[in-house]
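Chain by chain, the residues run as shown.
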Amino acid sequence: MKNIVVLVSGGGTNLQALIDAEKSGEIKGGKITCVISSNPNAYALTRAAENGIASRVIPRKEFADSKSYSMAILETLDEEKADLVILAGFMTILDECLTSKYAYKIINVHPALIPSFCGEGYYGLHVHEAALAYGVKVSGATIHFVNEKADAGAIILQGVVNVEKDDTPEILQRRIMENVEWKLLPKAASLFCQDKIEIIDEKAYVTE
Ligand code: GAR
């Protein structure tokens, strides 16, 4: 059984989707063993507590830079014997000191079709504001491995929704979460835990 450590910063609906998927047996070969939050007030921490999952708070504000913060996260992941790390609405970019040690072991959910609307500054509602401002007709979410560049690691899964004329950023965000993020993130976790993701030339392929 692989130990899954989930990193969060906010509401934690993606964490909830992972918890629900684990409960219904959809995450084969893995178990959520710890939740780490960068934000002491994240509602995701309540979700962890309500489901009997251990949690730790490592506030981003207490660290001078990304490197020292990433070192603290790295120590915790090592202590927790993490096999898979999931960034589920985690709003901090991690330094290479962590991403290189956990290469192809950290997955992130990004709320757009990478390589569109991604990279530094594109997080949360900002992503959907940018997609609507551009006038794209489809958007979606991407599950990808995390490397040293923001939102640039190998893509594992992507899913698409239509953008409607009257969409607000909030409406589009909700449609993408419901139809893509909450389904594909648990699916990617399960594929990883069953060793069904293969890396060839820095690209990820699902082997089922
Ligand atoms: C989700 O839409 C996630 O894709 C996005 O933030 C939201 C978090 O919601 N993540 C990013 O923008 C990361 N760059 P949640 O806390 O309810 O899961």
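Just above sits the structure.
Note that the coordinates shown come from a computational prediction; the quantities given were computed from them, not determined experimentally. (Residues numbered from 1 in each chain as written. Predicted model: local features only at pLDDT ≥ 70, side-chain atom pairs only at ≥ 80, totals over all residues. Heavy atoms only, no water.)

Asks: It is not clear to me how the environment of Val 6 should be interpreted in this structure. Could you clarify?
Replies: Mapped onto the secondary structure, Val 6 falls in strand β1 (residues 2-8). Taking the C-alpha atoms as reference, Val 6 lies 22 Å from Val 127; in sequence the two are 121 residues apart. Leave out the neighbours within four places in its chain, and Val 6 touches Leu 15, Leu 18, Ile 32, Cys 34, Val 35, Ile 36, Ile 86 and Ala 88. (Helix = DSSP H or I, 4+ residues; strand = E, 2+ residues; numbered from the N terminus. Contact = heavy atoms within 4.5 Å.)

Asks: Explain the pairing of strand β2 (residues 30-37) to me, please; I cannot follow it from the model alone.
Replies: If a strand is regular, its side chains alternate between the two faces of the sheet. Extensive coverage of β2 is indicated by the burial of six of its eight residues. Two strands pair when backbone bridges link them, and β1 and β2 are joined in this way by seven bridges, in the parallel orientation. Paired with Val 5 across the strands is Cys 34, a residue of β2. As paired strands, β2 and strand β3 (residues 55-57) are joined by three bridges and run parallel to one another. Each bridged residue has a counterpart across the sheet, and for Ser 37 the counterpart in β3 is Val 57. Following the backbone out of β2, through helix α2 (residues 43-50) and into the adjacent parallel β3, one traces a crossover that is right-handed. (Buried < 20%, exposed > 50% of the residue type's maximum accessible area, 1.4 Å probe, protein only. Pairing = 2+ DSSP bridges. Right-handed = clockwise from strand over helix to strand, strands pointing away.)

Asks: What exactly am I supposed to notice about the site of the ligand here?
Replies: In the vicinity of the ligand, 14 residues are found, and the nearest of them are Gly 12, Thr 13, Asn 14, Gly 124 and Glu 181. Within the backbone of Gly 11, one N or O atom sits 3.5 Å away from an oxygen atom of the ligand. In this structure, an oxygen atom belonging to the ligand sits 2.8 Å away from a main-chain N or O atom of Gly 12. Protein chains bury 92% of the 450 Å² of accessible surface belonging to the ligand in isolation. (Near = heavy atom within 4 Å. Polar contact = N/O pair within 3.5 Å; in protein donor to acceptor, adjacent residues only side chain to side chain. Areas by Shrake-Rupley, 256 points an atom, 1.4 Å probe, with all protein chains shown as cover.)

Asks: Looking at this model, I keep getting lost on the packing of aromatic side chains. Mind explaining?
Replies: In this description, an aromatic ring pair is defined by two values, namely the gap between the centres and the angle between the planes. In total, this model carries four aromatic pairs according to the counting rule given. Measuring from centroid to centroid gives 5.3 Å for Phe 63 and Tyr 69, while their planes differ by 70°, and the two rings are edge-to-face. Look at Tyr 69 and you get buried, because its relative accessible area is 0%. Ring centres of Tyr 104 and Phe 145 lie 5.3 Å apart, and the angle between their planes is 80°; this geometry places the pair in the edge-to-face category. Of the two residues, Tyr 104 is situated in the loop between α4 (96-99) and β5 (106-110) and Phe 145 in strand β6 (residues 138-145); the sequence distance between them amounts to 41 residues. The exposure class of Phe 145 is buried, given its relative accessible area of 3%. Among the aromatic residues, those joined into a ring-pair cluster are Tyr 104, Phe 145 and Phe 192. (Phe/Tyr/Trp six-rings, centres within 6.5 Å; stacked < 30°, edge-to-face > 60°.)

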